[in-house]
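Inside the fold
Residue-level listing of the chains:
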Amino acid sequence: MKTDIVIPTYQRERKLINVLKSIESTKRKLTIKVYVYFSSYDELNAFARKYRRPWLELHIVTNYKTTTFWNNHMLHCKADAMMYLNDDILLSDDTLKIVYNKFQEHFPDYDGVL
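Residues numbered from 1 in each chain as written. Predicted model: local features only at pLDDT ≥ 70, side-chain atom pairs only at ≥ 80, totals over all residues. Heavy atoms only, no water.

Focus on the pattern of salt bridges
Going through the model one piece at a time under the given rule, you end up with six salt bridges. A salt bridge links Asp-87 to Arg-12, with the nearest nitrogen and oxygen atoms 2.4 Å apart. Pair noted here: Asp-87 is in the loop between β4 (81-84) and α4 (95-106) and Arg-12 is in the loop between β1 (3-8) and α1 (13-27), with a separation of 75 residues, a long-range link. Classification of Asp-87 by relative accessible area gives buried; the value is 3%. Taking relative accessible area as the criterion, Arg-12 reaches 32% and is therefore assigned partly exposed. Here Glu-13 ties to Lys-50 by a salt bridge, and the two come within 3.0 Å at their closest N and O atoms. Here Glu-13, found in helix α1, pairs with Lys-50, found in helix α2 (residues 41-50); they are 37 residues apart in sequence, far enough to count as distant. Accessibility expressed as a relative area gives 55% for Lys-50, which makes it exposed. Among the ionic contacts, a cluster of salt bridges with common partners joins Arg-12, Asp-87 and Asp-88. (Salt bridge = Lys/Arg side-chain N within 4 Å of Asp/Glu carboxyl O. Helix = DSSP H or I, 4+ residues; strand = E, 2+ residues; numbered from the N terminus. Buried < 20%, exposed > 50% of the residue type's maximum accessible area, 1.4 Å probe, protein only.)

Any link to function would need more than the numbers given here.
Here's what the structure looks like:
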C-alpha cells in the first residue's frame with residue numbers, strides 16, 4: 001500500500017527533523033512518500049540545504065491554515081492512503097506498521113479513515 005504522509009510546518013525546524021527521523025526509523029520496507037509543506041520560501045530553502053532524503057518532498061503553500069496544507073495535497077494524491085502528521089509528533093518503532101495493519105483490516109478496499 002503506497003502511503004503519503006503530509007506534514008505542515010512553520011518555523012519549527014528541530015521538531016520537523018525529529019519527526020522525519022522517527023518516520024525514517026519506522027518506515028522500513030513500507031512504501032511511503034513524505035510531503036512537507038512550508039509557508040515560506042526562505043524556510044523551505046534553508047531546510048532543503050540541511051535535510052534531503054529520496055522519500056521526502058518539500059513544497060510551498062501561501063495559505064497558512066493547516067487544513068489548507070492537507071486539503072491541497074488530497075487534490076493531487078496518487079497514493080492508496082494518506083496520513084496527516086503535525087511537525088511535533090514522534091513515531092514509535094512500529095507505529096506505521098500498526099496503522100497499516102489496522103487500515104487494511106478495517107478498510108480492505110482502501111476507502112476509509114483511521
